[in-house]
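# Summary of the model geometry
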Amino acid sequence: NQHVIRLTTWNVLAQEYAHHHAFPYADKQTLSWEHRAQRIEQILFPTGAETEFADCICLQEVDPHQWYQHLFQRYGYQHIYVKRYENNQTISETK
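Now for a description of the structure that goes with this document. The numbers attached to residues start from 1 for each chain and follow its sequence in the written order. Owing to the predicted nature of the model, reporting of local features is limited to residues with pLDDT of at least 70; listing and counting of side-chain atom pairs is limited to 80 or more, with chain, interface and lining totals taken over all residues. Note that water and hydrogens are dropped before the side-chain values are worked out from all heavy atoms of the structure.

## Examining the overall build of the chain
Let me state the cut-off plainly: Numbering of helices and strands runs from the N terminus; a helix is a DSSP stretch of H or I covering at least four residues, while a strand is a stretch of E covering at least two. Any residue under 20% of the maximum accessible area for its type is buried, any over 50% is exposed, and the rest in between are partly exposed; the area is computed with a 1.4 Å probe on protein chains only. Contact criterion: two residues are considered in contact whenever any of their non-hydrogen atoms come within 4.5 Å of each other.
Scanning the chain from terminus to terminus reveals three helices and four strands. The helix and strand sequence of the chain, counted from the amino end, reads β-α-α-β-α-β-β. Per-residue burial for the chain yields a buried fraction of 28% across its 95 residues. Summarising the internal contacts of the chain: among those between residues at least 6 apart in sequence, 52% fall at separations of at least 24.

Laid out in structure tokens, this is it:
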């Protein structure tokens, strides 16, 4: 009997870094949070009869992290949020 774990990892680019001057090839609509949030949800939780979501999702640069908390709750996921500070200390929030 074989066990399979589906894992997704993705640096979603914190919104504070999603500026046109940093990504001149991207139009401003694509960099807007409204557009990005919709696309992130579509990619993480695609629709379709044979779609299986990842068992474990690891994201980097999750800002605003409250939006991700609600997203994961909506799809029945538990989550852990870890914020890294400049002095390399971390604080975890488990939900």
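## Side note on the packing of aromatic side chains
What counts here: Side-chain rings of Phe, Tyr and Trp, where Trp is taken by its six-membered ring, are said to pair if the distance between their centres is within 6.5 Å; with planes under 30 degrees apart they count as stacked, over 60 as edge-to-face, and otherwise as tilted.
Following the criterion strictly, the structure yields 10 aromatic pairs and no others. Ring centres of Phe53 and Tyr75 lie 5.7 Å apart, and the angle between their planes is 85°; on these two criteria the pair is classed as edge-to-face. Of this pair, Phe53 sits in the loop between α2 (33-44) and β2 (56-60) while Tyr75 sits in the loop between α3 (65-74) and β3 (80-84), placing them 22 residues apart in sequence. Accessibility expressed as a relative area gives 26% for Phe53, which makes it partly exposed. Judged by relative accessible area, Tyr75 falls into the partly exposed class, the value being 29%. By way of ring pairs, the aromatic residues Phe45, Phe53, Phe72, Tyr75 and Tyr77 are connected into one cluster.

## Description of the pattern of salt bridges
Any two side chains of opposite charge can pair, given that their charged atoms come close. Threshold: Salt bridge, as applied in this entry: a Lys or Arg side-chain nitrogen positioned within 4 Å of an Asp or Glu carboxyl oxygen.
Evaluated as defined, the whole model comprises three salt bridges. Notably, a salt bridge pairs Glu41 with Arg74, separated by 2.8 Å at the nearest N-O pair. Note that Glu41 is positioned in helix α2 and Arg74 in helix α3, a separation of 33 residues in sequence. The network of salt bridges with common partners includes Arg6, Glu52 and Asp55.

## Comments concerning unusual backbone geometry
One non-glycine residue, Leu13, lies in positive phi territory at about 65°. In this structure, Leu13 sits in the loop between β1 (7-11) and α1 (28-31). The phi angle at Glu61 is positive, at roughly 60°, despite the residue not being glycine. Judged by its relative accessible area of 33%, Glu61 falls in the partly exposed class.

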